[in-house]
Amino acid sequence: MYSQIESINILTALLLAHGIRDAVVCPGSHNAPIVHNLNECGMRCVAVTDERSAGFCAMGMALHTNRPVAVCVTSGSALLGLLPAVAEAYYQHVPLVVVSADRPQAWIGQLDGQTMPQPEALVPFSRYSVSLPEVTDDRSRWHCNRLVNEALLATCHHGRGPVHINMPLSEPLHVFSRTQLPEERIIRRITTEAERCRPATLQPLEDVLARSRKPMLIVGQCGHGDMQIGRKLAETWERNCVVLKECLGPSVFGRTVFEPILTDVATEMMPDLVIYMGGTLVSKQLKRMLRNAPDIPTWVVNADGSITDVTMQLTAVVETRPENMLEWLAKCLPESDGSYMNYWKQRLSACVRLADGMQLPWSQAAVVRALEHAVGADAHIAYANSSAVRLGNLFASGHRACNRGLNGIEGSLSTAVGMALADSSRPVYCVIGDLSFFYDHNALWIQELPRQLRIVMLNNSGGGIFERFEGLRQSAARERLVMARHHTSAQGICHDFGIGYQTATDADSLEEGIRWITCPPDSGPRLLEVATSSAEDQAATDLIENFIRQNI
């Protein structure tokens, strides 16, 4: 019988799955349920009372067997007794898995026995440290599973060394009511040789790919020049696989507009394999759809082997450059299910056609579409975060830039200025909301502001994106404190910094404004301020999504 505490069962199952068969255990009441599980599952357990000796004993076993060994201690100062052995293991590159029981976070520093801050206690001598959540629902279960996988994979990634898994445990501790361990998701890391994809290394993936009939390639944010592949290779993927990318992805893949069709994807048209490359996604809808879908094997491909479980269903990380993987996989792609491919291709192409052709009321959406149509796919455009980049996803025809590492509004204008400083040969456009612009307008306070800088400032007098949150409409703080309503214009700032200034307040003045902002690059920096209302902007966004859904 196993512990009733689910985090302990998850840890036990994954220790076995990752090939750990030996453990050194120290006596204690709080780690007793962990020790019970390790013994119950058939792992070889060696009892050592002194934690200092236990750590070195585990290190000796790992040195002799050439595989990771676990060492388990109770809460409090017991963990500190392992520090000399962990430090030695760090410098000898010995894979130890330190498992420490801990008290619930609420009791740390509250005069309760054997309590101290444990998660960082072995830093800087552990290669990886995690503190597991207490499992109460599906999300905390996924989080716990992912953290244990990450820690165990870190013992032998780019060298070897110790890792630390800290386990807060609430009472009752000593109830053993589970008849079996759970079947846990195992994340594998596949490191290819010399950054090249080798058939022998990737054989397990090839077997999964051979069974797939509904593959989906998702490409997240890529920097300018990243993921250099030929158009012929991209076309091979687009013929045999559903490819979804946003405007921040590489331009070699065709434009896709997909958010309006994600809310009602037929169950039989969901992918049976997801391959994820690149960085972050803007679309919450896509992440939500994949996270809620049942059991879709997911591979992440990146050059450093980092574990990024965007879909919450990660099964393998392939450590290689994405273009290498794309080239190898293209040779192995089986014939996809025809109805699946047609379903997605028809809807994706209809999304683009309808977004470009529909009548739009006066709004920020109309402004962004007009600019994108005027400048074309090869233009250098930096979108600010929030509403601006989401509109870019609807209308951009080429690769666009955005600060999506942390998704903050700060620095968007400064980044665009930097882009313009680096390339004086053609205009660099910055599409930015009012709050982002005013927050970062000191970016314009430089002696030699690039002459080819073009700013389209979308001014709806506050944080318009907050219009979409239905619950906020009931809050008295919404307008003044959350949306930060204002009546500020960029005209005075442009005057102070010697920037050409023009406004657009309707469709006619926008047409003139687009001609003015897209003038030759040597005419000096310019800013087009577009005045809309947040209610108009949200109504236009709703109209676009509803129109596309109704006409597909």
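Residues numbered from 1 in each chain as written. Predicted model: local features only at pLDDT ≥ 70, side-chain atom pairs only at ≥ 80, totals over all residues. Heavy atoms only, no water.

S.K.: Could you clarify how one ought to interpret the overall build of the protein chain in this entry?
M.R.: What the protein chain contains, in helices and strands, is 18 helices and 17 strands. With the principal axes as the frame, the protein chain shows a C-alpha extent of 80 × 60 × 45 Å. Partitioning the contacts of the protein chain with sequence separation of at least 6, the portion at a separation of at least 24 is 75%. Entry remark: accessible area of the protein chain is about 23900 Å², with carbon and sulfur atoms responsible for 50%. Placing the 48 positive and 58 negative side-chain charges of the protein chain at their respective mean positions leaves the two points 4 Å apart. (Helix = DSSP H or I, 4+ residues; strand = E, 2+ residues; numbered from the N terminus. Contact = heavy atoms within 4.5 Å. Areas by Shrake-Rupley, 256 points an atom, 1.4 Å probe, with all protein chains shown as cover. Lys, Arg positive; Asp, Glu negative; His and termini not counted. Charge placed at Lys NZ, Arg CZ, Asp CG, Glu CD.)

S.K.: Help me understand the pairing of strand β17 (residues 526-531) in this model?
M.R.: Successive side chains on a regular strand alternate, one facing one side of the sheet and the next facing the other. The element β17 is largely enclosed, with a buried count of 5 among its 6 residues. Bridging between strand β16 (residues 500-504) and β17 involves 5 bridges; their strand directions are parallel. Its bridge partner lying in β17, Tyr501 is registered against Leu527. For the segment spanning β16, helix α17 (residues 507-517) and β17, crossover handedness is right-handed. (Buried < 20%, exposed > 50% of the residue type's maximum accessible area, 1.4 Å probe, protein only. Pairing = 2+ DSSP bridges. Right-handed = clockwise from strand over helix to strand, strands pointing away.)

S.K.: Mind showing me how you'd approach helix α4 (residues 83-92) here?
M.R.: One turn of the α-helix equals 3.6 residues, which is why residues spaced by three or four share an orientation. When we look at burial in α4, the residues that qualify are Ala85, Val86, Ala87 and Ala89. For α4, the elements touching its buried residues are α3 (51-65) and β4 (96-102). The first or second residue beyond α4 is His93, which carries a positive phi of 60 degrees.

S.K.: What is the right way to read the packing of aromatic side chains from this model?
M.R.: By convention here, two paired aromatic rings are described through the distance between centres and the angle between planes. Counting across every chain of the model gives 5 aromatic pairs. Between Tyr343 and Trp344 the ring centres are 6.0 Å apart and the planes differ by 75 degrees, which places this aromatic pair in the edge-to-face class. One aromatic cluster is present, built from ring pairs that chain together Tyr90, Tyr91 and Phe125. (Phe/Tyr/Trp six-rings, centres within 6.5 Å; stacked < 30°, edge-to-face > 60°.)

S.K.: Which parts of the structure should I look at to understand unusual backbone geometry?
M.R.: Most peptide bonds adopt trans geometry, and most residues besides glycine take a negative phi value. Here the bond from Val123 into Pro124 is cis, since omega is 10 degrees, no more than 30 degrees from zero. Relative to the helices and strands, Pro124 is located in the loop between β4 and β5 (128-131). A cis amide bond links Glu171 to the next residue, Pro172, at an omega of 5 degrees. When you line up the elements, Pro172 lands in the loop between β6 (163-168) and β7 (188-191).

S.K.: When you look at the side chain of His486 in this model, what are you seeing that I'm missing?
M.R.: Locating His486 in the fold gives a position in the loop between α15 (478-482) and α16 (491-497). For His486, the side chain forms a polar contact with the side chain of Asp434, separated by 2.9 Å. Reaching out from His486, the side chain makes a polar contact with the backbone nitrogen of Thr488 at a distance of 3.0 Å. Each residue touching His486, except ones within four places of it in the same chain, is listed here: Asp434, Leu435, Phe438, Asn459, Ser461 and Gly462. (Polar contact = N/O pair within 3.5 Å; in protein donor to acceptor, adjacent residues only side chain to side chain.)

S.K.: What should I look at first to understand the sheet that holds strand β2 (residues 44-47) in this one?
M.R.: Consider a sheet: its strands pair through backbone hydrogen bonds, and that pairing is either parallel or antiparallel. Pairing is parallel in the open sheet, where 6 strands are placed in the order β2-β1-β3-β4-β6-β5. Unpaired on one side and paired on the other, β2 and β5 mark the two borders of the sheet. Direction aside, neighbouring strands of the sheet carry axes that sit 20 degrees apart on average. As paired elements, strand β3 (residues 69-73) and β4 share 5 bridges and run parallel to each other. Bridge pairing in β4 places Val71 opposite Val98. (Axes fitted to C-alpha atoms, helices over the stretch in contact; angles between N-to-C directions.)

S.K.: Looking at this structure, I do not really get the pairing of strand β10 (residues 273-277). What am I missing?
M.R.: With 5 of 5 residues buried, β10 is to be regarded as a mostly interior element. Of the two faces of β10, the one holding Leu273, Ile275 and Met277 and the one holding Val274 and Tyr276 are both buried throughout. Direction of pairing for strand β8 (residues 215-219) relative to β10: parallel, over a ladder of 5 bridges. Bridge assignment links Met216 to a residue of β10, and that residue is Val274. In the sheet, β10 pairs with strand β11 (residues 298-302) via 4 bridges, with the strands oriented parallel. Note that in β11 the partner of Ile275 across the bridge is Trp299.

S.K.: Help me out: how do you make sense of the pattern of salt bridges in this one?
M.R.: Any two side chains of opposite charge can pair if their charged atoms end up close together. Applying the stated criterion across every chain yields a total of 15 salt bridges. Among the salt bridges present, the one from Arg231 reaches Glu238, with a minimum N-O distance of 3.0 Å. The partly exposed category is assigned to Arg231, whose relative accessible area is 37%. Taken together, the shared-partner salt bridges connect Glu6, Arg141, Arg178 and Glu184 into one network. (Salt bridge = Lys/Arg side-chain N within 4 Å of Asp/Glu carboxyl O.)

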